[in-house]
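The primary structure of each chain is shown beneath.
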Amino acid sequence: MTVKLNLRSGRKNNAANDSSPEKHAVCLLGALFAAVSVIFFIYGGIKLYLLRSECAEITSELNRGNDNLASLDREYSTIKERNADIESRYDFVLSGIPAMEFLSELVDAVPDGVIIETVSMNSLRCSLSGIAFDDEEILEFTEKLGTEPAVAHIALPVITTENINGAVLKRYSVEITTKSLAEVLSDPVKNSDDDAEEGKTE
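What you see is a predicted model; the values in this text were computed from it and never measured. (Residues numbered from 1 in each chain as written. Predicted model: local features only at pLDDT ≥ 70, side-chain atom pairs only at ≥ 80, totals over all residues. Heavy atoms only, no water.)

## Some remarks on helix α3 (residues 135–145)
Because each turn of an α-helix spans 3.6 residues, side chains separated by three or four positions end up pointing in the same direction. Condition: A simple rule labels every residue: compare its accessible area, found with a 1.4 Å probe on the protein chains alone, to the largest value its type can have, and call it buried under 20%, exposed over 50%, or partly exposed in between. Runs of H or I in DSSP of at least four residues are treated as helices and runs of E of at least two as strands, each being numbered from the N terminus. Directions are taken from the helix axis to each C-beta atom, and the arc is the one they span. Contact definition: two residues touch when any of their heavy atoms are within 4.5 Å. The term polar contact refers here to a pair of N or O atoms within 3.5 Å; inside protein, the definition further demands a hydrogen-donor-capable atom paired with an acceptor-capable atom, and it admits residues adjacent in sequence only when both atoms are side-chain atoms.
For α3, the set of buried residues is Glu137, Ile138, Phe141, Thr142 and Leu145. Viewed along the axis of α3, the buried residues span an arc of 130 degrees, placing them on a single side of the element. Away from its buried face by more than 90 degrees, α3 exposes Glu136 and Glu143. Those residues of α3 hidden inside the fold are in contact with α2 (99–109), β1 (114–122), β2 (125–132), β3 (151–154), β4 (158–164) and β5 (167–178). The N-capping residue of α3, defined by a side-chain oxygen 3.3 Å from the backbone nitrogen of glutamate 136, is aspartate 134.

Spelled out as structure tokens, the structure:
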């Protein structure tokens, strides 16, 4: 009687049983790695989306800020042009003749016996003409007028004799150079006189 033993199959089964836990461990590690990778990519995608949203919001705010700055710049340019126009008008007025101041001083300087017939004002020059009873009154008038704050220079009057309705009168003409309105307003003498008059009125 002959008995045959199959020793190879037993060895193969033992080898298969020994390698089974190692395969399970490798598969488990591979699955964990894949899960971690997926989670990492998902997290990275979410962060990238949030960063893009923040960048878009920042860009929008910057654009709004630039628009506001442009609007403010346009408004500033408009205001600057208006101020330049106002300043040019103001300078033009200040560089002209102080008409109101000069006429007020002229009325105060006219003595009794002197009549003003014509007043001509052009730029910073003024011409007066009229009649008086004698030369002294005319000289007194021009001397007093020459001390007024609005007057820069007054020439000697031209005096002639004239017979009007049987009366012998003196006809005069005088040329006056006035100060500019800016000079009159900045004159400390005039300002102190105005303050004194206001104090008397009060």
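The discussion continues.
## Looking at α2
Within α2, burial applies to Phe102, Glu105, Leu106 and Ala109. The arc that holds the buried residues of α2, viewed along the axis, is 105 degrees, so those residues lie on one side. Of the exposed residues in α2, those oriented more than 90 degrees away from the buried face are Met100 and Val107.

Read these as spatial facts, not as claims about activity.
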